[in-house]
Amino acid sequence: MNRKFLSVVFALLALTAFASAQNFVACIYDDSLTLTTTCGGSTPLPEGTMMTVYYDANSNGPDASDQPGTVCDQPPDCPSGPPGTLNMNQSPINGVAQGIGAGMFLTDPCLTSSGITPSPARYYLVINYPANHPTIKWTSSVFTVAVGPQDVRLVNWTCEVVGTPVECTPTRHISFTPNPPVGNQDQDTCAHLCMDSITTICVGPIPNASRFPVVRIFAGCLNDTCMPAAGWVFDTTMWQFTQQNNNNYYCNTISLGPNGVPGCVTVDLDFVLPVEMGNVAITPGDNAVNVAWTTRSENSISRFEIVRNGKLIGFRDATNSPTGHEYSYVDESALNGTSYTYNLVVINADGSSQTVATQAVTPSAEHALVTEYSLRQNYPNPFNPTTSIRYDLVEKNFVTLKIFNITGQEVATLVNGERAAGVNIANFDATTLTSGLYFYTIKIGNVYSATKKMMLLK
């Protein structure tokens, strides 16, 4: 520990510490013993693991009757105020951030009492890991604090196991109820994860591969005797379609991370369509019809088919991008004055299909595909969090389409390359941005530029 560093800390705190004769400021630290995720283990406790300061009320060492130290409740004497701020009785493991070492700490801010210092002022630290259902408990030796600033170096700790998982049988299959699932279904199911380094969970059976589960994982299960699992690696993008006993399943591999513990998790299953559509524009032109569409997400689909009057006339292969894509198709065999009905059809990986748009149009000379360059108003507007922006090109050209915030800072580039003549659509996902006014600017070669504004409301 850098004692010179602590001296600087105390110098900064001295005026506050002596503002009241009963105050104390205790910078508690551990720079010699690595606190680990298991008793006698080698993996340090993660940064941010909380420790709690307990008051040894009976001066007899740690026991069940002791309570956490009081919180700082008298601003401005408390460095981190306001009333109720936990700067007297809690602090995180921060040895990596402080440069001391993983599994060590220096309380920052230093623990402060601005009320009456008890006599004797005996305290100790307790760390439960994991915090929501401890499997181990670290307890420090008792230390005594005095009035004024001081540093307290802890070197003695005890570790004990305070919880033991029940007999664990790993969950291998999660069944839908009703079966087969009907429509979009949201279901919570309890799954048991054991000490296997790798386990596989399959969900189903499902009628076909045209829909797939979006999965969220939460530690612990309601009304279950199993301890909450923690530290498991669960990649929700890696579901694989498989057939077992003539039934269809989606399966995923889950692995135990370095700080993981066995137990229970809540598996939230949201059974959704494999493609989430954005805007679809089927517009007549001069002896042509333009079909343009965007997606917000894709998974396990093969292609999009363009059907005119019941006959397949073209297709576009799907990208299966989790963030969506933009597509277009021009039917140059359409004749002016003839009415057509167009269907945009999604073909899934298993061969099943669904029609996502239908439009009747009549091309004519007055409906030339594009007669001028233009930037259209985004739709929807206001939006949350996704919207689509249409722009029209008279001929193929190099296009840049960028998004700026109210201060003029660029926050996204939607298009930066050549685009085909006709109607084009770009998706904008503002999930990571805050609500407010934004601007979008287009530059088409050296022939056109424009700026419009849009409103994000969350």
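Residues numbered from 1 in each chain as written. Predicted model: local features only at pLDDT ≥ 70, side-chain atom pairs only at ≥ 80, totals over all residues. Heavy atoms only, no water.

A closer look at the overall build of the protein chain
Along its length, the protein chain carries two helices and 33 strands. Residue burial in the protein chain is summarised as follows: out of 458 residues, 45% are buried. Sequence separation of at least 24 residues holds for 65% of the intrachain contacts in the protein chain that already meet a minimum separation of 6. Carbon and sulfur atoms make up 52% of the accessible area of the protein chain, which totals about 22000 Å². (Helix = DSSP H or I, 4+ residues; strand = E, 2+ residues; numbered from the N terminus. Buried < 20%, exposed > 50% of the residue type's maximum accessible area, 1.4 Å probe, protein only. Contact = heavy atoms within 4.5 Å. Areas by Shrake-Rupley, 256 points an atom, 1.4 Å probe, with all protein chains shown as cover.)

Overview of the side chain of Asn378
By the secondary structure assignment, Asn378 is in the loop between strand 27 (374-375) and strand 28 (386-393). Classification of Asn378 as buried rests on a relative accessible area of 3%.

What about the environment of Thr319?
Along the chain, Thr319 turns up in the loop between strand 23 (311-317) and strand 24 (326-331). Since its relative accessible area comes to 38%, Thr319 is described here as partly exposed. Each C-alpha atom, one on Thr319 and one on Arg303, is 8.3 Å from the other, the two residues being 16 residues apart in sequence. Not counting residues up to four positions away in its chain, the partners in contact with Thr319 are Glu298, His325 and Tyr327.

Let's talk about the environment of Asp286
In this structure, Asp286 sits in the loop between strand 20 (275-284) and strand 21 (289-298). Residues Asp286 and Ala334, spaced 48 residues apart in sequence, show a C-alpha to C-alpha distance of 8.6 Å.

Some details on the nonpolar core
In terms of nonpolar packing, the biggest core is built from 23 residues, with Leu375, Tyr391, Leu401, Ile403, Leu414, Phe428 and Ile442 touching the most fellow members. For this core, the secondary structure elements donating two or more residues are strand 28, strand 29 (397-404), strand 30 (410-419), strand 31 (422-429), strand 32 (436-444) and strand 33 (448-456). The greatest single-element share of this core, amounting to four residues, is contributed by strand 32. In this view, Phe428 contacts Phe383, Pro385, Thr386, Thr387, Ile403, Ala412, Leu414, Leu433 and Met454; residues no more than four positions away in its chain are not counted. (Core = buried A, V, L, I, M, F, W, Y, C linked by side-chain atoms within 4.5 Å.)

Some thoughts on the state of the cysteines
Applying the stated criterion to the full structure yields one disulfide. For Cys39, the disulfide goes to Cys159, at an S-S distance of 1.9 Å. The sign of the S-S torsion, about -80 degrees, decides the handedness of the disulfide formed by Cys39 and Cys159: left-handed. Of this pair, Cys39 sits in the loop between strand 1 (24-30) and strand 2 (50-55) while Cys159 sits in strand 11 (residues 157-161), and the two are 120 residues apart along the sequence. (Disulfide = S-S within 2.5 Å.)

Some points on the confidence of the model for the protein chain
Here the protein chain shows a mean pLDDT of 78. Residues at 70 or above account for 76%. Per-element confidence in the protein chain ranges from a low mean pLDDT of 35 for helix 1 (residues 3-17) to a high of 96 for strand 29. Note on residues 1-22: pLDDT under 50 across the span, and 33 contacts to partners over four residues away in sequence or across chains. Counting contacts from residues 80-86, a segment whose pLDDT is below 50, to residues more than four positions away or on other chains yields 14 contacts. (pLDDT = per-residue confidence, 0-100.)

Topic: the sheet that holds strand 29
The strand order 30-29-32-33 describes an open sheet built from four strands, whose pairing is antiparallel. Strand pairing shows two members of the sheet lacking a second neighbour, strand 30 and strand 33, which therefore form its edges. This sheet shows a mean twist of 15 degrees between the axes of neighbouring strands, independent of strand direction. One ladder, built from eight bridges, connects strand 29 with strand 30; its direction is antiparallel. Paired with Val399 across the strands is Gly417, a residue of strand 30. (Pairing = 2+ DSSP bridges. Axes fitted to C-alpha atoms, helices over the stretch in contact; angles between N-to-C directions.)

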